[in-house]
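Here are the chains, one letter per residue:
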Amino acid sequence: MYRETPQPIHLKDYRPPEFLIDRVELRFELDPECTHVESRLDLRRNPAAPPGGGDLWLDGEELRLTHLAIDGRVLASTEYRVDPRGLTLYQVPDRFTLETQVEIEPSLNTALKGLYQSGDLLCTQCEAENFRRITYFLDRPDVLARYTTTLIADQARFPVLLSNGNPIARAELTDGRHSVTWEDPFPKPSYLFALVAGDLSLIEDRFVTASGREVRLQLFVEPHNRDKGEHALNALKKAMRWDEERFGREYDLDFYMIVAVSHFNMGAMENKGLNIFNDKFVLARPDTATDADFDGIESIIAHEYFHNWTGNRITCRDWFQLSLKEGLTVYRDQEFSSDVGSRAVKRIRDVRALRTHQFAEDAGPLAHPVRPESYIEIDNFYTATVYDKGAELVRMQSALLGPTTFRHATDLYFARHDGQAVTIEDFVRCMEDASGRDLSQFRRWYEQAGTPELFIRGHYDAATWTYTLNVRQETPPTPNQPIKRPLHIPLAIGLLGPDGRESPVWLAGEPEPPAPGTRLLELTEPEQQFVFTGLSERPVPSILRGFSAPVRVHDDLSDADRLFLMAHDRDGFCRWDAAQTLHERLILALVADETHPIPEDYLAAFRHALGDTTADRALLAEMLTLPSETYLGDRMAVIDVEGLHRAHRHLMCELGCRLRTELLAIYDSHAETGPYVFAPEAVGRRALKNLALSYLVYAGDESGLACCRAQFETAHNMTDVMAALGLLVDQGGDEAEAALQSFYRRWTGEPLVIDKWFSVQAKFARPDALERVKALIHHPDYSPHNPNRVRALVGTFAKTNQVCFHAVDGSGYRFLVDQVLELDPINPVLAAQLLKPFERWRRFDAGRQALMRTELERILGREGLSSDVFEVASKALA
Ligand code: TRP
Ligand code: ZN
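Keep in mind it's a predicted model, so treat the numbers as computed, not measured.

## Quick look at the packing of aromatic side chains
Line of reasoning, step 1. Scanning the model with the defined rule gives 37 aromatic pairs in all.
Line of reasoning, step 2. Arranged with centres 5.3 Å apart and planes meeting at 65 degrees, the rings of Phe131 and Phe193 form a pair that is edge-to-face. One end of the pair, Phe131, is in the loop between β11 (121-125) and β12 (145-154); the other, Phe193, is in the loop between β15 (177-188) and β16 (195-198), with 62 residues separating them in the sequence. Residues Phe131 and Phe193 agree in their burial class; the two are buried.
Line of reasoning, step 3. Aromatic pair Phe797 and Phe815: ring centres 5.8 Å apart, planes at 90 degrees, arrangement edge-to-face. With Phe797 in helix α22 (residues 787-800) and Phe815 in helix α24 (residues 811-823), the pair connects residues that are 18 residues apart, well separated along the chain.
Line of reasoning, step 4. By relative accessible area, which is 4% here, Phe815 ends up buried.
Line of reasoning, step 5. The positively charged end of Arg317 is found above the aromatic ring belonging to Tyr14, 3.7 Å away from the centroid.
Line of reasoning, step 6. Above the ring of Phe455, the side-chain terminus of Arg472 is found at 4.4 Å from the ring centroid.

## Observations regarding the site of ligand 1
Line of reasoning, step 1. The local shell around ligand 1 holds 15 residues, among which Glu127, Ala268, Glu270, Glu304 and Tyr387 are the closest.
Line of reasoning, step 2. Residue His303 places a side-chain N or O atom 3.5 Å away from an oxygen atom belonging to ligand 1.
Line of reasoning, step 3. With the chains in place, 95% of the 370 Å² that ligand 1 exposes on its own is no longer accessible.
Line of reasoning, step 4. At the level of elements, β20 (268-269), α2 (291-306) and α3 (322-340) are the ones that each hand at least two residues to the shell around ligand 1.
Line of reasoning, step 5. For the shell around ligand 1, the class distribution of residues is six nonpolar, three polar and six charged.

## Side note on the coordination of the zinc ion (ligand 2)
Line of reasoning, step 1. On the protein side, the zinc ion (ligand 2) has His303 (NE2), His307 (NE2), Glu326 (OE) and Glu326 (OE) as donor atoms, found 1.9 to 2.8 Å from it.
Line of reasoning, step 2. For the zinc ion (ligand 2), the six donor atoms in the first shell make angles of 46 to 160 degrees at the metal, so the coordination geometry reads as irregular.
Line of reasoning, step 3. Each donor residue of the zinc ion (ligand 2) lies on the same chain, and together they follow the pattern H-x3-H-x18-E.
Line of reasoning, step 4. Judged by its relative accessible area of 7%, His303 falls in the buried class.
Line of reasoning, step 5. On the basis of relative accessibility, which here comes to 1%, the residue His307 falls in the buried class.

## Topic: helix α9 (residues 559-568)
Every α-helix winds through 3.6 residues per turn, so residues three or four apart in the chain are directed the same way.
Line of reasoning, step 1. Of all the residues in α9, the buried ones are Asp561, Arg562, Leu563, Phe564, Leu565 and Met566.
Line of reasoning, step 2. Along its buried surface, α9 packs onto β27 (489-496), β31 (540-543), α10 (572-592), α11 (600-611) and α12 (617-624).

## Overview of the UniProt feature "domain: Peptidase M1 membrane alanine aminopeptidase" (unreviewed entry) in the chain
Line of reasoning, step 1. Mapped onto this structure's residue numbering, the UniProt feature "domain: Peptidase M1 membrane alanine aminopeptidase" (unreviewed entry) falls at residues 232-445.
Line of reasoning, step 2. Helix and strand shares over residues 232-445 are 55% and 9% respectively, and the end C-alpha atoms of the span are 35 Å apart.

## So, the sheet that holds strand β26 (residues 466-474)
Line of reasoning, step 1. The strand order across the open sheet built from four strands is β30-β26-β25-β32, with neighbouring strands paired in mixed fashion. Each of the sheet's edge strands pairs with one partner strand only, and the pair in question is β30 (527-532) and β32 (552-554). Strand-to-strand twist across the sheet, computed as the mean angle between neighbouring axes with direction ignored, equals 25 degrees.
Line of reasoning, step 2. Bridge count between strand β25 (residues 453-461) and β32: three bridges; the pairing is parallel.

## Quick look at the side chain of Gln441
Line of reasoning, step 1. Counting through the fold element by element, Gln441 comes out in the loop between α7 (424-435) and α8 (444-447).
Line of reasoning, step 2. Look past the residues within four positions of Gln441 in its chain and what remains in contact with it is Pro486, Leu487, His488 and Thr524.

## Quick word on the UniProt feature "domain: Aminopeptidase N-like N-terminal" (unreviewed entry) in the chain
Line of reasoning, step 1. As recorded in UniProt, the sites labelled "domain: Aminopeptidase N-like N-terminal" (unreviewed entry) are residues 100-192.
Line of reasoning, step 2. With 0% helix and 52% strand, residues 100-192 has end C-alpha atoms that lie 20 Å from one another.

## Focus on the pairing of β30
Line of reasoning, step 1. Because side chains alternate across β30, one face comprises the buried residues Gln528, Phe530 and Phe532, and the other comprises Glu527, Gln529 and Val531, none of which is buried.
Line of reasoning, step 2. Inspection of the sheet shows β26 paired to β30 by six bridges, in the antiparallel sense. Pairing of Arg472 across the sheet is with Glu527, part of β30.

Calculation criteria
Residues numbered from 1 in each chain as written. Chains lettered and ligands numbered in written order. Predicted model: local features only at pLDDT ≥ 70, side-chain atom pairs only at ≥ 80, totals over all residues. Heavy atoms only, no water. Phe/Tyr/Trp six-rings, centres within 6.5 Å; stacked < 30°, edge-to-face > 60°. Helix = DSSP H or I, 4+ residues; strand = E, 2+ residues; numbered from the N terminus. Buried < 20%, exposed > 50% of the residue type's maximum accessible area, 1.4 Å probe, protein only. Lys NZ or Arg CZ within 6 Å of the ring centre and 35° of its normal. Near = heavy atom within 4 Å. Polar contact = N/O pair within 3.5 Å; in protein donor to acceptor, adjacent residues only side chain to side chain. Areas by Shrake-Rupley, 256 points an atom, 1.4 Å probe, with all protein chains shown as cover. Nonpolar A, V, L, I, M, F, W, Y, C, P; charged D, E, K, R; others polar. Donors = N, O, S within 2.8 Å, 3.2 Å for Na, K, Ca; no water. Tetrahedral: all angles 85-135°; square planar, octahedral: opposite > 155°, others 65-115°. Contact = heavy atoms within 4.5 Å. UniProt positions renumbered as here; feature names shortened; annotations may be inferred. Pairing = 2+ DSSP bridges. Axes fitted to C-alpha atoms, helices over the stretch in contact; angles between N-to-C directions.

Here it is as structure tokens:
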């Protein structure tokens, strides 16, 4: 049987659009079973495009065309051609109005692309290329148009009808239907179009912009969720103020609407004036959401808001430029979270995520540059590389320019490109033009995949009072990029004297020493030497402060140096990183030799840290958190799944025993008093307390277990409840079952909490984990149609439960692939997301590699595979 192999598209093939669309008028007769969409497009030849043939191509998928006319004249069947990907109009005029009518079926749209049904709502998701599932269009981001949208629907079933911009007309129709017309004054690409219809409850607030305009902030939720919207609205107001102060960006419409929906493939979507959110990133109440949930909501609300300037006002020319909006917007949301919370803690969490997910991506078969050169399915490129490494590239440019010049450079970017669809190159040029710096070598960061490695050796010369750092850089080969060129890398360092104080980082040859503190070195060569002078004693270098570049560092520091940095470094990131390296080396030593002793000075350092009542609680919790098994695996030549798990457990247990007194004291002194507040200090206290509890429980400590039971029974906030439940479930036995049952009974009817109930059962390396997960697939509350539920159960199992997912008999792999194949016809984006853990397959022993390869091949043997899953599976095997 013939099967079409999906073909890649290439950046080098970019051509400007032959036609432009100035105005779009849409009219929807909404019905979940059959929605009629009428469109009127004002098209004209693009003066900037090279002359092409006289035909016009319009994208369109899964549409039933019922009417087609140019300038009011219905076309004969010889004047056009419809195929599964779109519509060709033969020999069109240079300027004309196109009318189409199509029918679509939202209730059957399980892929959640285009117009779909989520519970009783109708909503849209058009990024990246899904507007073409709503109507025939030039569905590419460099076609910017003004939209007017009329929505018509049954008034009882869909009392609220929303689209982008401002409402300009409303009418009640005679047949029980009503209509609302929306006008968006800002030209936008089709991926930012949105509509929502349903019975939604409105929570309203207001915001006065710096220039004194009042904006109505409207959060729409299903009526039973009315009591879970406050946190999101507060986050929105904070983000709006912050963007004015930090980037000089004001909001530009009279309404800012956010809708929470239960079925969503990603986190949220920045549609102009009408954000649509996965409800997981909106809804929160102290008893239903954890601190991590509150945190995630704050940063995603901010992220989508920041897109209004970085993404919407200035958008991408083509999807290869995705990081232009995503990398920059992640950078902005990271900075926002740093400013409203703790900068060091935020940085640590972002670096941990980057090292765990992005470094793995860069080291695997799907490694791609921040600006990819080709893709089969753009949905597969919403990756840690495009988002998080992309944000690091913006961060490095801000470091190279310094804060004041960087602000001039972003001001220039906003002034120069407002209203345009541009490229990453345009952004970098603004950085150059505002600073006068040459970033030609820096641009390689956007083109080269792979994580650069720095090899750093230090040498102190007592005779000359100099300290020399030798730095060599190397980027490993990645698919299709065997040879790498040296990068322009900002390397922030400090030098600590024996008393722990900062020395001036004084480069030999400079007449004067600078003030003591951090200094930004710039690497441009494969190998460089830096000689520091004026040092009467050997300093301890504090390297890559604030994680100034997304690189791996191999240095020659001793464990004693790291303990010293842990105690004295002013840079919170470096203090944490020193602790992490100590944990890592110890766990890897324990993998090699189970009897490896736990060094006394290591224990003493943590005992000391726990006793320091002045230390930042959140930072301390981060320092005491061991690196994950997933991350540690990537640090081994061949991942030893069981060995790592044993060593990890062993160290947790040892720390629990050896630091018992201090941990119990922390637990007791950090008990929750008073009502829940989401503020850095309170969050840090809960984090440290629950970390202490976990060490005690892993150590089998009876009083720890008693605290855990009591906490599960009596805690009023979900952070403390989940911390205790996780530990009980990990322990197993009747108590775990009873806890799970009572939790389930308490929270039926709260789907986001039930997601937690699913994931907590998938997470832990219990012998029955896979059986349990398989049984839960048949639970009445499980549904392959809800991505949050699927990720909670199947995703958590494959991503978090290393031991059970990588079971030597291949049962975990078979299970995941069974699920992927079942989901693929339902929701290809989600199916492809679930395959992520297989990208690491070559990192395991030969037996597991063979099992994973067989499963990847089983996927490729399936007829009618989506291009999403095809791309991931085929590239993983290549
Ligand atoms: N632009 C969205 C964001 O980063 C991401 C997104 C939401 C998305 N939904 C999507 C990307 C669906 C691809 C497909 O905020
Ligand atoms: Zn985004």
